[in-house]
Amino acid sequence: MNQNKIEIFERMLAGGLIPFSDPEYPKIFEAVSQTINLSVSLNTSTSVDQIRERLSEIIKQEIDESTTVFTPFYTNFGRHIQIGKNVFINHACTFLDLGGIVIEDDVLIGPKVSIITENHPVNPNERKMLDLKSVIIKRNVWIGANATILPGVTIGENSVVAAGAVVTKDVPNNTVVAGIPAKIIKDI
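Definitions and limits used
- Residues numbered from 1 in each chain as written.
- Predicted model: local features only at pLDDT ≥ 70, side-chain atom pairs only at ≥ 80, totals over all residues.
- Heavy atoms only, no water.
- Pairing = 2+ DSSP bridges.
- Helix = DSSP H or I, 4+ residues; strand = E, 2+ residues; numbered from the N terminus.
- Expected span 1.5 Å × (residues − 1).
- Buried < 20%, exposed > 50% of the residue type's maximum accessible area, 1.4 Å probe, protein only.
- Arc of directions from axis to C-beta.
- Contact = heavy atoms within 4.5 Å.
- Phe/Tyr/Trp six-rings, centres within 6.5 Å; stacked < 30°, edge-to-face > 60°.
- Lys NZ or Arg CZ within 6 Å of the ring centre and 35° of its normal.

A.B. asks: What's the story with the sheet that holds strand β9 (residues 114-116) in this structure? I'm lost.
C.D. replies: The five strands are arranged β3-β6-β9-β14-β17 in an open sheet whose pairing can be described as parallel. Both outer strands of the open sheet, β3 (73-75) and β17 (166-167), are each paired with one neighbouring strand and no more. As judged from the three bridges shared by β3 and strand β6 (residues 93-96), these two strands associate in the parallel manner. The residue bridging threonine 75 from the neighbouring strand is phenylalanine 95, located in β6.

This is how it looks when you write it as structure tokens:
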């Protein structure tokens, strides 16, 4: 199928390069503007139930009542975030989700964690493009405070990402990673 005939939001989830000159790029800015407005309401919520309700509106998916998110919570888009059941997301996390973020059940995310699905090419002639790759956080993962998960990474089931780690490549199931860049330090 011709890539130009697929809506920009689908192309974003498929990953790869999207030039700022794409004729549908204004749709992204429109969605981001809506998210900015909704984020004000989200980050002034006064209860976990209200946070869940307002974040559900941003991500366009109902968040299960077993999931807890603390504010402030930052996202630039929101529509490409999927959050499972029994998930805990602590204060001041940033999810840049244009490329898609999937968080499976029973995940713990510490404060100030950044999950990033967006990048730009190094080549200056291509830099005004988005380079999108999804991030998948598998079941029962624990991500420590201030860790950063970069585009295209899958964190394997039951794994632990140590506080402050910068994860640049996939993490196998049942491992602990730490450092910059993150490396396996032990098996679970």
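A.B. asks: What is the right way to read the sheet that holds strand β15 (residues 154-155) from this model?
C.D. replies: By definition, the strands of a sheet pair up through backbone hydrogen bonds, in either a parallel or an antiparallel sense. Strands sit in the order β4-β7-β12-β15 across an open sheet of four strands; the sheet is parallel. Single-partner strands in this sheet number two, and they are β4 (81-83) and β15. Here three bridges tie strand β7 (residues 101-103) to strand β12 (residues 135-137), and the two strands are oriented parallel to one another. From the neighbouring strand, isoleucine 101 faces β12, where its bridge partner is valine 135.

A.B. asks: Please explain helix α2 (residues 25-42) as it appears in this structure.
C.D. replies: Since the α-helix advances by 3.6 residues per turn, residues separated by three or four positions end up pointing in the same direction. For α2, built from 18 residues, the straight-helix expectation of 26 Å at 1.5 Å per residue is met to within 8% by its first-to-last C-alpha distance of 26 Å. Residues of α2 that are buried: Tyr25, Ile28, Ala31, Val32, Thr35, Ser39 and Leu42. Down the axis of α2, the buried set is contained in an arc of 105°. They therefore lie on one face. For α2, exposure combined with an orientation more than 90 degrees from the buried face picks out Pro26, Phe29, Glu30, Asn37 and Val40. Check the buried side of α2 and you find it contacts α1 (8-14), β1 (16-19), α3 (48-59), β3 and β11 (129-132).

A.B. asks: Would you explain the packing of aromatic side chains in this entry?
C.D. replies: Enumeration according to the criterion identifies five aromatic pairs in this entry. Residues phenylalanine 20 and tyrosine 25 carry aromatic rings whose centres are separated by 5.2 Å and whose planes lie at 55° to one another, so their mutual orientation is tilted. Here phenylalanine 20 falls in the partly exposed class, since its relative accessible area comes to 35%. Ring centres of tyrosine 25 and phenylalanine 29 lie 5.3 Å apart, and the angle between their planes is 65°; on these two criteria the pair is classed as edge-to-face. Within this pair, tyrosine 25 and its partner phenylalanine 29 are both found in helix α2, separated by four residues, close to a single helical turn. You can call tyrosine 25 buried: its relative accessible area is 7%. Taking the relative accessible area as the measure of exposure, phenylalanine 29 reaches 53% and is therefore exposed. Grouping aromatic residues by their ring pairs yields a cluster made of Phe20, Tyr25 and Phe29. In this structure, arginine 79 packs its charged tip against the face of phenylalanine 9, placed 5.4 Å from the ring centre.

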